[in-house]
Structures are given as C-alpha cells and as structure tokens.
Amino acid sequence: MNSFGRIFRVSIFGESHGPSVGIVVDGCPAGLPLQENDFIADLERRKGGTQKGTTPRIEDDKPIFLSGVFNGKTTGAPLTIVFENKNTRSADYEKQRAIPRPGHADFVAHQKFAGNEDYRGGGHFSGRLTVCLVSAGVIAKKLLQNIPIEASILEIGGEKNIEAGLQKAIDAKDSVGGIIECTAKNLPAGLGEPFFDSVESLISHAVFSIPAIKSIEFGAGFAAAKMFGSQHNDAIINASGKTSTNHAGGVIGGISNGADLVFRVVVKPTSSTPREQQTWNWELEQMDTLSVKGRHDLCIALRVPPVLEAVTAIVLADLMLLEQKIKRTI
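Notes on the structure follow. For clarity, every value in this text was computed on a predicted model and none was experimentally measured. Residue indices begin from 1 for each chain and proceed along its sequence in written order. Under the rules for a predicted model, residues below a pLDDT of 70 receive no local features and side-chain atom pairs below 80 are neither given nor counted, while totals for whole chains, interfaces and linings still include all residues. Only heavy atoms go into the side-chain values, all of them from the structure, while hydrogens and water stay out.

Let us now look at the environment of K142. Each helix is a run of DSSP H or I of at least 4 residues and each strand a run of E of at least 2, with the numbering of both proceeding from the N terminus. In this structure, K142 sits in helix α4 (residues 130-144). Residue burial is assigned from relative accessible area. The probe radius is 1.4 Å, only protein chains are included, and a residue is buried under 20% of its type maximum, exposed over 50%, and partly exposed in between. Judged by relative accessible area, which is 27%, K142 ranks as partly exposed. Residues K142 and L32, spaced 110 residues apart in sequence, show a C-alpha to C-alpha distance of 8.1 Å. Contacts between residues were defined by any pair of non-hydrogen atoms, one from each residue, lying within 4.5 Å. Every residue in contact with K142, bar those within four places of it in the chain, is listed here: L32, P33, L34 and D38. Whenever a nitrogen or oxygen atom comes within 3.5 Å of another N or O atom, the pair is scored as a polar contact, on the condition that within protein one atom can donate a hydrogen and the other can accept it, and that pairs from neighbouring residues in sequence are kept only if both atoms are in side chains. Here P33 takes part through its backbone oxygen, which lies 2.5 Å from a polar atom of the side chain of K142.

This is the structure in structure tokens:
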C-alpha cells in the first residue's frame with residue numbers, strides 16, 4: 001500500500017498537518033556515509049516559498065534520524081527519517097470541509113475511508129510527503145555514485161519561458177501545469193526484466209507516486225506514433241551496443257541498453273485554485289461555488305524536478321542491487 005521496491009524498499013508515512021511525515025528505507029547497504037548536510041541541496045530545491053509561484057508554507061525540512069545511522073554511517077538496519085510539521089494552518093481547511101475540491105483527492109478519500117481521513121492540507125494525499133521521497137532519493141543517489149540523474153523543466157503553462165508561463169496563471173488568477181524531462185546517464189546495460197518489471201514499468205510506478213503527475217513518455221514518446229520504424233530504430237554502431245540515436249530512451253525490451261535513460265512527465269495544474277468553480281456541497285446537498293483560499297502552489301511543476309530525480313534514483317538503486325552492481329556493504 002505505502003511501500004515500494006524489492007531490496008531497496010521504501011515505506012512512506014504521515015499527513016500534511018500531522019506531527020510529522022517520514023520514510024523507512026529498508027535494504028540500504030551498511031557503511032554508507034550519511035549526515036544531515038547530504039540532504040540540504042535537494043530538500044532546498046523542493047521547498048515552497050523559495051521561488052515565485054510556490055506555496056508560502058515553509059518548513060525547516062530538517063531530517064531527523066530515528067534508526068539505521070550510527071557514527072555517521074548506515075548500519076544496514078531499516079533507516080527511519082522524519083520531518084516535523086511546524087508551519088500548519090489547519091483552520092483553512094475547516095471552512096471548506098463540506099465542499100470537496102474539484103481535481104483533488106478530497107472526494108475519493110472521503111469515499112474510501114468513510115469520512116475518517118485527515119482532510120487537513122490533503123492529509124496523506126498531500127505533496128508535503130514528497131519531502132520523504134526526496135530524502136530517500138538522496139540516499140539512493142549516494143549509492144549510485146557515478147550515475148548522475150537530472151530533471152529539468154521544459155515548459156510551464158505551455159510556455160518554454162517559465163516566467164511567461166507563470167504570468168499566464170497570475171493574469172488568469174488560476175494555476176498551471178508543466179512538462180519535466182529526466183535523464184540518467186552511465187547506466188549499465190541489463191537492468192530490468194521483460195514485461196512486469198521492465199525499467200519503464202518500475203519508473204512509471206514510482207513516478208505516479210508523485211502527486212499531480214498525469215502522463216509519462218520515454219525516448220521519442222508519443223512522437224513515435226508519427227515515425228516510420230526505420231526512423232525510430234536506434235542503429236547499433238559498435239560491439240558494446242552503443243546506438244547512433246536514442247529514440248528508445250535507453251530501454252529496449254524492458255531492459256536498459258546502456259544509452260541514457262530519458263523520459264518526460266506531465267504535471268497537472270494545481271487543483272487548489274483561487275478561481276471560482278462549481279462543485280458539490282455535502283452539507284447543502286447541491287452544487288455550490290468554491291474558491292480555494294490558503295497557501296498553495298501556483299504551479300506544482302516548479303517543485304517536481306528533485307522529486308522526479310529521487311524516485312528515479314530509488315528505482316535504479318533497487319535494480320542495481322538486484323543485479324549485484326552495488327555491494328550490500330560499502
């Protein structure tokens with residue numbers, strides 16, 4: 001339910017306005033140097049309030065190690081990290097309790113959990129929990145060493161100029177989405193399995209754990225539908241399997257081929273928007289007008305790159321451990 005991975009296995013917990021959120025990482029090799037400073041760069045990139053278009057809610061996001069680290073190194077035991085929630089304003093959500101936000105998990109959560117869900121800030125469905133994914137990604141990146149992973153924003157609100165895309169949302173008093181590309185270099189050939197545990201299957205599974213992701217494509221992606229097979233095929237040019245192009249995005253038959261892993265994702269516009277919308281009111285039992293107040297991202301996509309890198313690193317670390325490309329003790 002809330003776990004992912006086979007050897008490098010992560011379990012996420014907590015709610016947006018609860019005391020804390022956190023993650024348990026099982027299967028992390030012993031002896032990996034790990035300290036608070038390792039997490040700062042990626043956690044700062046994920047934070048809200050540090051750039052235009054993001055939520056003004058700012059948390060310290062200081063990792064608190066509860067288990068699995070001793071004398072500055074991982075012990076091989078399950079690694080538990082929590083992040084305290086100190087900057088919450090739960091009253092903002094009391095006002096809209098009777099009106100589930102269109103596009104948000106409010107309605108489905110209420111149905112699935114029979115009204116027992118923590119609705120404050122989206123509860124367990126909140127993007128707040130991506131801080132946990134990023135922290136697990138920091139560990140995975142350290143294990144991957146010479147396999148750099150980088151995600152970058154290609155467009156916001158249909159505009160390649162990020163400022164122009166954000167201004168479009170500001171002018172409309174609404175929210176916007178975006179497209180992000182992620183690349184992993186220096187992958188060995190042979191990772192992944194045919195069918196259910198293909199590299200694409202596992203990456204996609206992890207990627208859709210990020211709230212607001214609506215689509216994914218690898219390599220040429222949807223553009224492949226307009227190409228001839230002779231155009232899309234990546235010619236193999238030497239005995240190591242190097243290809244002249246990379247329309248496959250680094251994966252053939254579900255298995256890495258040694259080329260760069262390349263994929264793109266679509267991040268939907270933020271559901272919580274100040275623009276007036278019509279939706280159902282549970283108390284009045286009729287349609288009602290909703291304008292979401294409180295602290296929300298104008299564009300979630302701005303904060304997704306470090307999260308996308310993290311889930312990619314989690315998958316690749318697990319695959320590398322399965323293929324014994326990473327030792328169980330450092």
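Paired through backbone hydrogen bonds, the strands of a sheet run either parallel or antiparallel to each other. Strands were regarded as paired on the criterion that DSSP finds at least two bridges between them. Spatial ordering of the open sheet is given by β8-β9-β13-β10, a layout of 4 strands whose pairing is antiparallel. The open sheet is flanked by β8 (149-156) and β10 (213-218), the only strands paired with a single partner. Neighbour to neighbour, the strand axes of the sheet diverge by 20 degrees on average, direction disregarded. In the sheet, strand β9 (residues 178-184) pairs with strand β13 (residues 261-267) via 7 bridges, with the strands oriented antiparallel. Note that in β13 the partner of I179 across the bridge is V266. Between the N-to-C directions of two axes lies an angle of 0 to 180 degrees, each axis being a line fitted to C-alpha atoms and, for a helix, fitted only over the stretch in contact.

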